[in-house]
Amino acid sequence: MRIAVIGAGPGGLYFASLLKQVEPHHEITIWERNKPLDTFGFGVVFSDQTLSGIRLSDPEIHDEMAKKFAYWDDIDIHFKGEVITSGGHGFAAMSRTDLLEILQRRAIAHGVNVLFESEAPPVEQLMAEYDLVLSSDGINSGIREKFSEKFRTSTDWRECKFIWLGTSEVYEAFKFFIVETPWGVMQAHAYPMDDQKSTFIVEMHEDIWRNAGFEAFHEEAAHFPIGQSDDKSIELCEKIFAEFLGGKPALRNNSKWRNFAAIRNETWVHENLVIMGDSAATAHFAIGSGTKLAMEGAISLAACILENETIADALKAYDNDRRPVVESTQRSAQAALEWFEEITQYMNQEPLQFAFNMMTRSRRITYGNLELRDPEFMKRVEDAYLDIQIKSGNVPAGSTQKVPMFQPLKLRELEIPNRVVVSPMDMYSSVDGIPGDFHKVHMGARALGGAGLIFTEMTCISPEGRITPACAGLWNSEQVSAWKEIVDFVHTTPSKIAIQIGHSGRKGSTKVMWEGIDKALDSGNWEIMAPSPIPYLSDGQVPREMTRADMDLVRDQHVASAKLAVDAGFDMLELHCAHGYLLSGFISPVSNKRTDEYGGSIENRLRFPLEVFDAVRAVWPADKPMSVRISASDWVPDGLSEEDSIKMGQAFAAHGADLIDVSSGQTTPDAKPIYGRTYQTPFADRIRQLAGVKTMAVGSISSWDDVNTILAAGRADLCALGRPHLFDPNWTLHAAVDQGVRLRWPNQYGAGSRQPPAGRTEDPKPRLTLGTSEVVAKRPARWRPRAK
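Definitions and cut-offs
Residues numbered from 1 in each chain as written. Predicted model: local features only at pLDDT ≥ 70, side-chain atom pairs only at ≥ 80, totals over all residues. Heavy atoms only, no water. Pairing = 2+ DSSP bridges. Helix = DSSP H or I, 4+ residues; strand = E, 2+ residues; numbered from the N terminus. Axes fitted to C-alpha atoms, helices over the stretch in contact; angles between N-to-C directions. Contact = heavy atoms within 4.5 Å. Phe/Tyr/Trp six-rings, centres within 6.5 Å; stacked < 30°, edge-to-face > 60°. Buried < 20%, exposed > 50% of the residue type's maximum accessible area, 1.4 Å probe, protein only. Parallel < 35°, antiparallel > 145°, perpendicular 65-115°, else oblique. Left-handed = near helix turned anticlockwise from the far one by under 90°. Nonpolar A, V, L, I, M, F, W, Y, C, P; charged D, E, K, R; others polar. Patch = residues over 30% accessible without salt bridge, like charges linked within 9 Å, V, L, I, M, F, W, Y side chains within 5 Å. Areas by Shrake-Rupley, 256 points an atom, 1.4 Å probe, with all protein chains shown as cover. Salt bridge = Lys/Arg side-chain N within 4 Å of Asp/Glu carboxyl O.

A few points about the sheet that holds strand 19 (residues 420–422)
Reasoning step 1: Reading around the circumference, 19-20-21-24-25-26-27-28 is the order of the 8 strands in this closed barrel, with parallel pairing throughout. For this sheet, the mean angle separating the axes of adjacent strands, direction not counted, is 25 degrees.
Reasoning step 2: For strand 24 (residues 572–577) and strand 25 (residues 626–631), the ladder comprises 5 bridges, and the chain directions are parallel. Its bridge partner lying in strand 25, cysteine 577 is registered against isoleucine 630.
Reasoning step 3: Across the sheet, helix 16 (residues 437–448) touches strand 19, strand 20 (453–460) and strand 21 (496–502), and the angle it forms with strand 20 is around 155 degrees.

Structure representation (structure tokens):
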């Protein structure tokens, strides 16, 4: 084959070298516009996993790189005068110049034709003359831009500014320096790259950057020739971070301010052209280097070519196999960069909680993962979290239960025995709004299964307020009796039970989901109403715009339902203001187009939901808590903003809400959620930090490791799980066994038994009696969490 490579960065060089080693008869040419060792930046970082892949693919190049590596195991977080260290991480770094020198020499030795200071011929010409064209021409790739419609490229410019520097201070660990300045919070990411110097990246939100005066320096430096650094900005950085730089001047290498661009492509292949490295996908330096991804991509592409008979098949395999892996890394990097964009909201956290929060920012490193990496660090984190919970009144004084998910939570006079919640899930199994045996078994099984709090499905306040004819309701005495039977059963366990009440609004009078979700009934429709006469689906029933009399009726129906919930004995009540139902319809600008005092600003759109909340709170017992479920985002450009979600939390808290149940979406069929593990938790986190109210996280939380991570990081106070509880009604008890925790539940090891099943041995160390639960001092080895 004839192969053309555009760009002699690490990805292109390594790919060419790998392929020529195995199949030397290929003709490979690389065009590079710069001189051999022209490069910007300083060090590049590799994880143990990446190095293992390089060692297996090319032992010789791994050994050459290893001679230049600076290795470290620890991460140090400098925060509020303390240094918190976490070990067991395993990274290596080297100078980018050293890496390029090794890769260039190896590629040339294997017979690759590397043309430095040479512009590549037009890409169309290369695609016609060569069997394969690889574009590895970096983040500003002209090839990618030329074919952006084919690759379906998107570029997301982020909110932080950063400048890449170096220092002659040689650090012994990866360092995060968090500095509070008169202008706001700034941070530096620093790591050693050899025995003489370290990389030092300064980063801050653009607003802080502007307040500090960097913008004027940046505008002046924009006219400098390529290679000249922004010296005035660097001098100010040297003053701000002087104690961490050891008083030494920062090293420069075309060091200027930049915004990070998150680049994504829906495909990396167009005909016989393939893109790689930063040209294909970028990942923020908060979790690793682009060089790492480029070299892993080189290994993958070379393997696909060797394993397939045609270039078309090889490129298809590469696109299908490698791109999802990189997209997963990008999701983690996105979570990490967003954490740093919002770092100011965490500055009130205790140092150890802040450190744990930072360590788990990408969602790849978790509570259980850190237990394996650094048990001593996690013991300190657990102690700090318990102390925070005791001081806040959530946990009784003297409690020594260390595992976050098994600590109680107090809301008013209600004590929830643990932090695991069965999320509200519509079952569409009621007759005339009356829950039956199905509901008793459904909720009773989860109560027996150890969950601290059980939520009913959305329980409709009137016949016309139902979503479907099969929805549960609470508007008459027969329904009260049925609910009371369920509540009484749940109360035979330590679990508590909450009712969620609401009105369907424009999403009412529809089929059950398995017959056509959100589709109007074929017959027997009832009139629906909403803030504005806008159907949920374009072919759906058009709702009537609500009058003031309609609002009075709906408010009074909520009040009547709440009074019946008291009679049924529920421990807690939640007002449903999410997912596009009636009250959510008022809050979202997508569905509320009113021009009166109930439309327009977020304050106006909240007016009626707050009226309903106030009326319900007035009849709900003062010693029992109330929560509100909200959709924090509509997932459309013209929908709810981050500021709106914070104002929602603040408003409901000011009116007496004890907890905000933070969901998102389902307010418009045009929504485009960005799904992923715990993808809605950042909304709960932001509201908790900035609105100052307890929150419940929900959405793709599936493991006890996720739950412990969310809680210990201070991102939420409760975690709601839906599908995991459908899959396993005993999910919480199984999580307790996995972690060596004994709950005071009648059936943790079988009905009435508090002993492990025959054949299961547990740690022989003495147990500690800890408040309402017992914990194994050392967790059983066979049940230890595995690293993610």
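Here the narrative resumes.
Examining the packing of aromatic side chains
Reasoning step 1: Following the criterion strictly, the structure yields 31 aromatic pairs and no others.
Reasoning step 2: Considering the side-chain rings of tryptophan 268 and tyrosine 318, the 5.6 Å spacing of their centres and the 50 degrees angle between planes classify their relative orientation as tilted. Here tryptophan 268 is found in the loop between strand 14 (258–265) and strand 15 (269–270), whereas its partner tyrosine 318 is found in helix 12 (residues 311–341), with 50 residues between them in sequence.
Reasoning step 3: Of the residues examined, tryptophan 268 reaches a relative accessible area of 4% and is grouped as buried.
Reasoning step 4: Seen in terms of ring centroids, tryptophan 339 and phenylalanine 340 are 5.2 Å apart; in terms of plane orientation they differ by 85 degrees. Their pairing is edge-to-face.
Reasoning step 5: Residue tryptophan 339 is classed as buried on the basis of its relative accessible area, which comes to 5%.
Reasoning step 6: Cluster of aromatic residues (ring-pair linked, three or more members): Trp72, Phe79, Phe91, Phe174, Phe176, Tyr191, Trp339, Phe340, Tyr346 and Phe354.

Focus: the packing of helix 13 (residues 351–359) against helix 15 (residues 375–391)
Reasoning step 1: Between helix 13 and helix 15, the least distance of the axes is 9 Å, while the angle of their chain directions is 120 degrees. Our classification of the angle between helix 13 and helix 15 gives oblique. Helix-helix and strand crossings are classified by hand; for helix 13 and helix 15 the assignment is left-handed. Where helix 13 abuts helix 15, its residues Leu352, Gln353, Ala355, Phe356 and Met359 lie against Phe377, Met378, Arg380, Val381, Ala384, Tyr385 and Ile388.
Reasoning step 2: Classifying every residue of the contact of helix 13 with helix 15 gives 10 nonpolar, 1 polar and 1 charged.

Let's talk about the environment of serine 532
Reasoning step 1: Mapping serine 532 onto the fold places it in the loop between strand 22 (529–530) and strand 23 (544–545).
Reasoning step 2: Classification of serine 532 as buried rests on a relative accessible area of 3%.
Reasoning step 3: For the pair formed by serine 532 and glutamate 574, sequence separation is 42 residues and the distance between their alpha carbons is 24 Å.

Overview of unusual backbone geometry
Negative phi values dominate among residues other than glycine, just as trans dominates among peptide bonds.
Reasoning step 1: Of note in the backbone geometry, arginine 412 takes a positive phi value of approximately 55 degrees without being a glycine.
Reasoning step 2: Note on placement: arginine 412 falls in the loop between strand 17 (409–411) and strand 18 (414–416).
Reasoning step 3: Residue classification places arginine 412 among the partly exposed residues on the basis of a relative accessible area of 31%.
Reasoning step 4: Here tyrosine 428, not a glycine, exhibits a phi torsion of approximately 50 degrees, which is positive.
Reasoning step 5: With respect to the element layout, tyrosine 428 can be found in the loop between strand 19 and helix 16.

Some remarks on the sheet that holds strand 8 (residues 113–115)
Reasoning step 1: Read across the sheet, 6 strands follow the order 8-2-1-9-16-15 without closing on themselves; strand pairing throughout is mixed. The sheet is open, and its two borders are formed by strand 8 and strand 15, each paired with just one other strand.
Reasoning step 2: As paired strands, strand 9 (residues 132–135) and strand 16 (residues 273–275) are joined by 3 bridges and run parallel to one another. Bridge pairing in strand 16 places serine 135 opposite isoleucine 275.
Reasoning step 3: Packing of helix 12 onto the sheet brings it into contact with strand 9, strand 15 and strand 16, and relative to strand 16 it is tilted by some 20 degrees.

Some details on a nonpolar patch on the surface
Reasoning step 1: A contiguous nonpolar surface patch, about 360 Å² in accessible area, is contributed by Met513, Trp514 and Ile517.
Reasoning step 2: Mapping tryptophan 514 onto the fold places it in helix 18 (residues 513–516).

Honestly, that's just the spatial picture; any functional story needs more than this.
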